[in-house]
Number of protein chains: 6
Amino acid sequence: MSLARLLEYEEALPEVRAVYDDIMKTRGVDWINNFWKALANDPAALKRIWENAKQVMAPGALDPLTKEMIYVAVSATNGCEYCTYSHTAAARRKGMTDAMFMELMSVVGLANETNRLANGLRPPVDPQFKP
Amino acid sequence: MSLARLLEYEEALPEVRAVYDDIMKTRGVDWINNFWKALANDPAALKRIWENAKQVMAPGALDPLTKEMIYVAVSATNGCEYCTYSHTAAARRKGMTDAMFMELMSVVGLANETNRLANGLRPPVDPQFKP
Amino acid sequence: MSLARLLEYEEALPEVRAVYDDIMKTRGVDWINNFWKALANDPAALKRIWENAKQVMAPGALDPLTKEMIYVAVSATNGCEYCTYSHTAAARRKGMTDAMFMELMSVVGLANETNRLANGLRPPVDPQFKP
Amino acid sequence: MSLARLLEYEEALPEVRAVYDDIMKTRGVDWINNFWKALANDPAALKRIWENAKQVMAPGALDPLTKEMIYVAVSATNGCEYCTYSHTAAARRKGMTDAMFMELMSVVGLANETNRLANGLRPPVDPQFKP
Amino acid sequence: MSLARLLEYEEALPEVRAVYDDIMKTRGVDWINNFWKALANDPAALKRIWENAKQVMAPGALDPLTKEMIYVAVSATNGCEYCTYSHTAAARRKGMTDAMFMELMSVVGLANETNRLANGLRPPVDPQFKP
Amino acid sequence: MSLARLLEYEEALPEVRAVYDDIMKTRGVDWINNFWKALANDPAALKRIWENAKQVMAPGALDPLTKEMIYVAVSATNGCEYCTYSHTAAARRKGMTDAMFMELMSVVGLANETNRLANGLRPPVDPQFKP
């Protein structure tokens, strides 16, 4: 029950098809997931977000698997269901094992716990932590 | 202006000192940061959270630097000032370069953006993403 | 699977019926949505929240459509499923087009992204921004 | 550096003064805290929010101290600095001891941790939990 | 559709069974809820989180019902579906009435409202609130 | 105390200066705010985020003032201090009056309140709200 129509390849405008083609080619898959089909209602936004994602998630100072696990960490913290499923699947495709996933969740849980202890107890930031 | 008194080593109970000693030994430092000094008002909680942190942040299926960067990602997402400063400092000590930090932030930014696009557009989770 | 019983008009106390009548009259509809039926378990809360909503969402310095879009922006940011569906429907009834909805989502996404970049990079607030 | 002017009693309109008087009388204090002085730029909002607060925080099925601690729990979870300071102070005035405050924080920390473990691992809700 | 396999008692390792047994004994129930079955994929994390939960939720300066209601407050604030269902059920088992639940929700709603008013209006913290 | 060095125009690389020039020209100002100076440590990210911002915040189906107010709504909801100051200043430059700002805050507060009531009471989404 999407709040935006899911635009299929067959009915899409040429500029949308061009992005869909690039998504499938970049990822080596033959289908488009629903996030992009919803975003395609605004072709400029589709192109912008996809190009952001392609640039940000490419290998660089961090490897792609680390980036996907950071994505999962943020998505679980925010409680985004769609993003948790899609980026956990992506991280698994890039090599995340069961043990890595469980450890990732432990770090996410701990960070969320201590974030709130710090927010509630309000200790001042130690000068040693300041750059 | 902490909401809990910051307990210094000199005035601390033996069970608090034992945790402080373990923190300094584990981290190879000679000082205790304010988070633990605030938490020390509840010695059982201090011991519990520290032992959690020690277990979760130890090397395992993920390396310690990756874990620190995940911690920073969660802290920036939650807007926790203390945790952002302390875990960014910790990640730098463990080898995070400027380029890695900036890329980490780009992933965190992108994930927060697409989390809300998914929350607003509400595309259904694709069956391909389900385990 | 509501965590509070959904109170139907027929079984409701007179003070609940009075609020239900006012909701239907104010909105020009002949049904009550589930949010109010759940809240009706506390008639004083039902009356209080409804009167808040009626006061806040009335035309004033901002027009009702702008207010509904702000409501959707907050609901998507918080990931509240019920509120995203109900206020997107309300915004559409008040004139939000597909193009407006997609642009709204782009702003929400961008703001969530830059919020976390600012939270992570921690630039000081420029004096020029201070009132 | 408030983003809204802080309206002092002396310069306030009669309807604002009436709310200020009621706040001071209800709380048994002789000063107005900055939150209300900022909100007073919209006298209708000041009156609405204050009357909500008075109704919600009054003794009922829950006692006022429990309500203040719930307020602190939400404020620490959201990372709201102003609200954490003001409601921790209010809870202390109503009898919250150091031990209660530290336990409260432990529950808040644990709940934030397990919330994210549940968001990331996505176990289905057990039928036994459904009302 | 859990993202982690749900480990049943019959197939579990002895150290997992030991935690399951302790959960059932501590709570006086004869079944294990899905959260623990998902967490059991990392037996060390299962044991750690369960022992945290047992320590934090035990009677102390706060009674167990107050602690469960604080848990519900945090879970509703974070929008964690699983935790809201499970801890609302737990709070009801410990004596939370309908009236208490509705009042709890009113406090949670008010706190979330005023948290954002404070975040947006940015009044400075009054010196009187500082410890 | 920024966690990333603030790069001044004089010391910046040509591709950073080109973005700075475009920011100043687009906004009709003669200074660069600290957010961009921090982001400039990653020139590709600086360019990407700025071009996103320019595209998203341009007039379209929504006018620029409405977009800035939505930005403020999200920033106050997330508790992002920097973004709240900078986008409130931007909204004021684009014509937001005191009355509009106070009404905006009332909507943000109400939406955050009802989001949590919906999250806690969990009424099912009414079929009438589904597109």
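Scroll up to find the structure this text is about.
Conventions and cut-offs
Residues numbered from 1 in each chain as written. Chains lettered and ligands numbered in written order. Predicted model: local features only at pLDDT ≥ 70, side-chain atom pairs only at ≥ 80, totals over all residues. Heavy atoms only, no water. Helix = DSSP H or I, 4+ residues; strand = E, 2+ residues; numbered from the N terminus. Rg over C-alpha atoms; globule rule 2.2 N^0.38 Å. Buried < 20%, exposed > 50% of the residue type's maximum accessible area, 1.4 Å probe, protein only. Areas by Shrake-Rupley, 256 points an atom, 1.4 Å probe, with all protein chains shown as cover. Lys, Arg positive; Asp, Glu negative; His and termini not counted. Charge placed at Lys NZ, Arg CZ, Asp CG, Glu CD. 1 Å grid on protein atoms, 1.4 Å probe; cavity = no way out; pocket = protein on both sides within 12 Å on 5 of 7 lines; lining within 4 Å. Points joined across faces, edges and corners; volume = space filled by probe spheres on them. Nonpolar A, V, L, I, M, F, W, Y, C, P; charged D, E, K, R; others polar. Salt bridge = Lys/Arg side-chain N within 4 Å of Asp/Glu carboxyl O. Polar contact = N/O pair within 3.5 Å; in protein donor to acceptor, adjacent residues only side chain to side chain. Contact = heavy atoms within 4.5 Å. Least-squares fit on C-alpha atoms with pLDDT ≥ 70 in both. Buried area = accessible area lost by both parts, 1.4 Å probe. Expected span 1.5 Å × (residues − 1). Core = buried A, V, L, I, M, F, W, Y, C linked by side-chain atoms within 4.5 Å. Phe/Tyr/Trp six-rings, centres within 6.5 Å; stacked < 30°, edge-to-face > 60°.

> What is the right way to read the overall build of chain A from this model?
A count of helices and strands for chain A gives six helices and zero strands. For chain A, the α and β elements follow one another from N to C terminus as α-α-α-α-α-α. The globule rule puts the C-alpha radius of gyration for 131 residues at 14 Å, and the 18 Å found for chain A is more than 25% above it. Of all 131 residues assigned to chain A, the portion counted as buried reaches 63%. Within the structure as shown, chain A displays about 4,700 Å² of accessible surface, and the carbon and sulfur contribution to it stands at 54%. Between the mean site of the 15 positive side-chain charges and the mean site of the 16 negative ones, chain A shows a separation of 4 Å.

> Just checking my understanding: could you explain unusual backbone geometry for this structure?
Note: most residues except glycine have negative phi, and most peptide bonds are trans. Residue and element names in this part refer to chain A. Notably, Arg-122 is not glycine yet its phi reads approximately 55 degrees, a positive angle. With respect to the secondary-structure elements, Arg-122 resides in the segment after helix H6 (98-121). A residue is classified by how much of its surface remains accessible, and Arg-122, at 16% relative accessible area, is buried.

> Before we go on, may I ask you to explain empty space enclosed by the protein in this structure?
Scanning all chains against the criterion turns up two cavities of 30 Å³ or more. For the largest cavity, the calculated volume is near 310 Å³. Surrounding the largest cavity, 20 residues form its lining, A:Asn78, B:Asn78, B:Arg116, C:Arg116 and F:Asn78 being those nearest its centre. Every element with two or more residues in the lining of the largest cavity is listed here: helix H4 (64-78) of chain A, helix H4 (64-78) of chain B, helix H4 (64-78) and helix H6 (98-121) of chain C, helix H4 (64-78) of chain D, helix H4 (64-78) of chain E together with helix H4 (64-78) of chain F. Considering only residue class, the lining of the largest cavity consists of no nonpolar, 14 polar and six charged. Surrounding the second largest cavity, D:Ile23, D:Arg27, D:Val29, D:Trp31, D:Asn33, D:Arg93 and E:Phe129 form its lining. Its residues assigned to classes, the lining of the second largest cavity shows four nonpolar, one polar and two charged.

> Is there a simple way to think about the side chain of E:Arg122 in this case?
Lacking a salt bridge, the buried E:Arg122 has F:Glu81 as its closest oppositely charged neighbour, with an N-O distance of 4.3 Å. Among the polar contacts listed, one links the side chain of E:Arg122 to the backbone oxygen of E:Asn119, at a separation of 2.8 Å. With residues up to four places along the chain from it excluded, the contact list for E:Arg122 reads D:Met1, D:Ser2, D:Leu3, E:Leu117, F:Gly79, F:Cys80, F:Glu81, F:Thr84 and F:Tyr85.

> I would appreciate a short explanation of the relation of the copies chain F and chain C in the present structure.
Each copy of the chain is related to the other by a rotation around an axis and a translation along that axis. Note on the identical chains: chain F maps onto chain C by a rotation of 180 degrees and an axial translation of 0.0 Å, with an RMSD of 0.0 Å. Taken together, these values place the two copies in the relation of a two-fold axis. A share of 100% of the interface residues of chain F reappears at the interface of chain C, consistent with the copies meeting face to face through the same patch.

> Got a minute to help me understand the relation of the copies chain C and chain E in this structure?
Take chain C, turn it by 120 degrees, move it 0.0 Å along the axis, and it overlays chain E with an RMSD of 0.0 Å. What the superposition gives is, in effect, a three-fold axis relating one chain to the other. Of the C-alpha atoms belonging to chain C, the one lying closest to the rotation axis is found on C:Gly79, 4.1 Å away.

> Any chance you could explain the interface of chain F and chain C here in plain terms?
Interfaces are often sized by the amount of accessible area the parts lose when they come together. Counting from both sides, the interface comprises 66 residues of chain F and, opposite them, 66 residues of chain C. Buried surface at the junction of chain F and chain C, summed over both partners, amounts to about 5,800 Å²; 73% is from carbon and sulfur atoms. Residue C:Glu113 pairs with F:Arg48 through a salt bridge whose shortest N-O separation is 3.5 Å. Applying the counting criterion to the chain F and chain C interface returns 26 residue pairs in polar contact (both at pLDDT 80 or more). At the level of secondary structure, the elements contributing two or more residues to the side of chain F that touches chain C comprise helix H2 (34-39), helix H3 (43-57), H4, helix H5 (81-93) and helix H6 (98-121) of chain F. The biggest single contributor to the side of chain F that touches chain C is H6(F), with 19 residues. Here the side of chain F that touches chain C is composed, by residue class, of 40 nonpolar, 17 polar and nine charged.

> Sorry if this is basic, but what is going on with the interface of chain C and chain E here?
Listed per partner, the contact involves ten residues of chain C and eight residues of chain E. Interface area, chain C with chain E, both sides summed: about 730 Å², of which 59% is carbon and sulfur. On the chain C side of the interface with chain E, the three residues burying the most area are C:Leu3, C:Asp42 and C:Arg48, jointly 59% of the side's total. Put simply, chain C and chain E have zero salt bridges between them. Applying the counting criterion to the chain C and chain E interface returns two residue pairs in polar contact (both at pLDDT 80 or more). Those elements giving two or more residues to the side of chain C that touches chain E turn out to be helix H2 (34-39) and helix H3 (43-57) of chain C. The class makeup of the residues in the side of chain C that touches chain E is six nonpolar, two polar and two charged.

> Looking at this structure, how should I read helix H1 (residues 14-27) of chain E?
Think of an α-helix as turning once every 3.6 residues; residues three or four places apart then point the same way. Residue and element names in this part refer to chain E. Given a rise of 1.5 Å per residue, 14 residues ought to cover 20 Å, and the 20 Å separating the end C-alpha atoms of H1 matches this to within 8%. Along its buried surface, H1 packs onto helix H2 (34-39) and helix H3 (43-57). Just past H1, the residue Gly-28 takes up positive phi, approximately 65 degrees.

> Could you clarify how one ought to interpret the nonpolar core in this entry?
The nonpolar side chains of a soluble globular protein tend to be buried with one another. A:Trp36, B:Trp36, C:Trp36, D:Trp36, E:Trp36 and F:Trp36 are the most contacted members of the largest nonpolar core, which has 306 residues in total. When sequence neighbours within four positions are dropped, the list of residues in contact with C:Trp36 reads C:Tyr20, C:Ile23, C:Arg27, C:Leu46, C:Ile49, C:Trp50 and C:Ala53.

> What is the right way to look at the packing of aromatic side chains in this model?
Two measures describe an aromatic ring pair: the distance that separates the ring centres and the angle between the ring planes. Scanning all chains against the criterion turns up 36 aromatic pairs over all chains. Seen from their ring centres, C:Tyr82 and F:Phe129 are 6.2 Å apart, and the 85 degrees between their planes marks the pair as edge-to-face. One end of the pair, C:Tyr82, is in helix H5 (residues 81-93); the other, F:Phe129, is in the segment after H6, on a second chain. Taking relative accessible area as the criterion, F:Phe129 reaches 7% and is therefore assigned buried. Members of the aromatic cluster, connected to one another through ring pairs, are A:Trp31, A:Phe35, A:Trp36, A:Trp50, A:Tyr82 and B:Phe129.

Geometry only, nothing functional implied.
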